[in-house]
Amino acid sequence: MHCLPSLVMALSALLVALGVLHLWLFHHQPSCYGKHEPCQPKEGKHPAARAPRRAHLPTRCAWFLQELPAFLVPVLLLALRNPPRFAPLGCRLLGSMFCGHYFHRTFIYSFFRRGRPFPLKILFFGVLFCIYNGFLQGYYMVYCAEYPDDWCKDIRFMSGLLLFLFGMGVNIHSDFLLRQLRKPGEFTYKIPQGGLFAYVSGANFFGEILEWFGYAIATWSLPALAFAFFTLCFIGPRAYHHHRYYLKKFTGYPRSRKALIPFIF
Ligand SMILES: NC(=O)c1ccc[n+]([C@@H]2O[C@H](COP(=O)([O-])OP(=O)(O)OC[C@H]3O[C@@H](n4cnc5c(N)ncnc54)[C@H](OP(=O)(O)O)[C@@H]3O)[C@@H](O)[C@H]2O)c1
């Protein structure tokens, strides 16, 4: 394999288009898993129309299977490169930041997750997406990315890395706080408290968005920017729908809390 800039450009553009499509499809209606399942009937359908029964997997198993390709595909690309090439900065950034995130998501987060069974249909699209994005990020960093020797002292690298680490900290801490709301085997929803949940309903999503914009700045690459944009389009609306859900469900929900961005939105 060698670097094909047109392939990187096309796959990044498609990722942006998928983000826009998702935003368009799901800004009115939430994606149908977790607290937004069962889904509302589509507009024009009778409210009594029941959604067809959907197949589900236990949440831990589903998240492990869904996230695994995002870790495995770049690792395989790194390992199978001929001749092997782990030393360049691009490979090290991919290995430590991108694969680091997905190592945690696959092997740690999945095993601690407490939640409702996950719809098989969404899992299927999640797996396809993780293969696609794992390939794009991995291929670019292993075969295309080139950095000057002093990139680690560049303000873009340093500020991006700080943002990535801060976002990852917020994301992991917020997911931990959500987990603490329930006892094992419990499925009820409660008002999230603590950390950045004091400011936003989607603190875990806010952290993840910061993380990927940090990665995009640190790597200064088109595929990483496309992924950060996709993440914003994917989990931004989810934070908004969670916020509306809480306002409707809990009369005492803190009115000053925003949906996604502290003090702003
Ligand atoms: N990069 C991307 O494009 C992308 C896309 C999707 C997700 N993610 C990341 O993946 C992680 C999980 O995403 P998600 O959509 O599943 O997040 P979520 O809807 O916030 O749910 C996370 C977990 O917390 C539980 N939970 C949520 N609200 C709760 C409440 N009020 N009371 C008690 N438990 C509650 C959920 O249980 P239930 O399952 O029972 O609802 C689930 O187990 C997040 O860190 C997110 O940033 C990233």
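Treat the numbers as computed from the prediction; the structure is a model and nothing was measured.

Each value, and the rule that gives it
- Residues numbered from 1 in each chain as written.
- Predicted model: local features only at pLDDT ≥ 70, side-chain atom pairs only at ≥ 80, totals over all residues.
- Near = placed C-beta within 6 Å.
- Helix = DSSP H or I, 4+ residues; strand = E, 2+ residues; numbered from the N terminus.
- Nonpolar A, V, L, I, M, F, W, Y, C, P; charged D, E, K, R; others polar.
- UniProt positions renumbered as here; feature names shortened; annotations may be inferred.
- Expected span 1.5 Å × (residues − 1).
- Buried ≥ 20, exposed ≤ 12 C-beta atoms within 10 Å, placed from the backbone.
- Contact = placed C-beta atoms within 7 Å.
- Bend = angle between axes of the 7 residues up to and from the residue.

Some points on the site of the ligand
Here is step 1: Close to the ligand lie 23 residues, the nearest being Gly34, Gly115, Arg116, Leu178 and Glu208.
Here is step 2: Those elements that place two or more of their residues in the shell around the ligand are helix H5 (155-180), helix H6 (203-219) and helix H7 (222-249).
Here is step 3: With 4 residues, the top contributor of residues to the shell around the ligand is H7.
Here is step 4: Among the residues forming the shell around the ligand, the class breakdown is 8 nonpolar, 6 polar and 9 charged.

Points about the UniProt feature "transmembrane region" (unreviewed entry) in the protein chain
Here is step 1: Within the UniProt annotation, "transmembrane region" (unreviewed entry) is assigned to residues 6-26, 123-143, 155-178, 187-206 and 212-235.
Here is step 2: Taken end to end, residues 123-143 is 100% helix and 0% strand, and its two terminal C-alpha atoms sit 29 Å from one another.

Topic: helix H4 (residues 120-144)
An α-helical turn contains 3.6 residues, so a residue and the one three or four places further along point in the same direction.
Here is step 1: Here H4 spans 35 Å end to end across 25 residues, near enough to the 36 Å set by a 1.5 Å rise per residue.
Here is step 2: Taken together, the buried positions of H4 are Gly126, Cys130, Asn133, Gly134, Leu136, Gln137, Gly138, Tyr139, Tyr140, Met141 and Val142.
Here is step 3: Along its buried surface, H4 packs onto helix H1 (5-26), helix H2 (59-80), helix H3 (89-112) and H7.

A word on H2
Here is step 1: Between its terminal C-alpha atoms H2 stretches 32 Å, which fits the 32 Å expected from 22 residues at 1.5 Å a residue.
Here is step 2: Approximately 30° is the largest bend angle found in H2, and it occurs at Leu68, with the proline Pro69 only one to four residues beyond.
Here is step 3: Every buried residue of H2 is accounted for by Ala62, Trp63, Gln66, Glu67, Pro69, Ala70, Phe71, Val73, Pro74 and Leu77.
Here is step 4: Those residues of H2 hidden inside the fold are in contact with strand E1 (56-57), H3, strand E2 (118-119) and H4.

Considerations on the environment of Tyr139
Here is step 1: Along the chain, Tyr139 turns up in helix H4.
Here is step 2: Note: C-alpha distance between Tyr139 and Phe176 (37 residues apart in sequence) is 32 Å.

Digging into unusual backbone geometry
Here is step 1: Cis rather than trans, the peptide bond between Glu37 and Pro38 has omega equal to 0°.
Here is step 2: As for its position among the elements, Pro38 is in the loop between H1 and E1.
Here is step 3: A positive phi angle, near 45°, is found at Trp220, a position not held by glycine.
Here is step 4: Mapped onto the elements, Trp220 comes out in the loop between H6 and H7.
Here is step 5: Exposure remark for Trp220: the 15 C-beta atoms within 10 Å place this residue in the partly exposed category.

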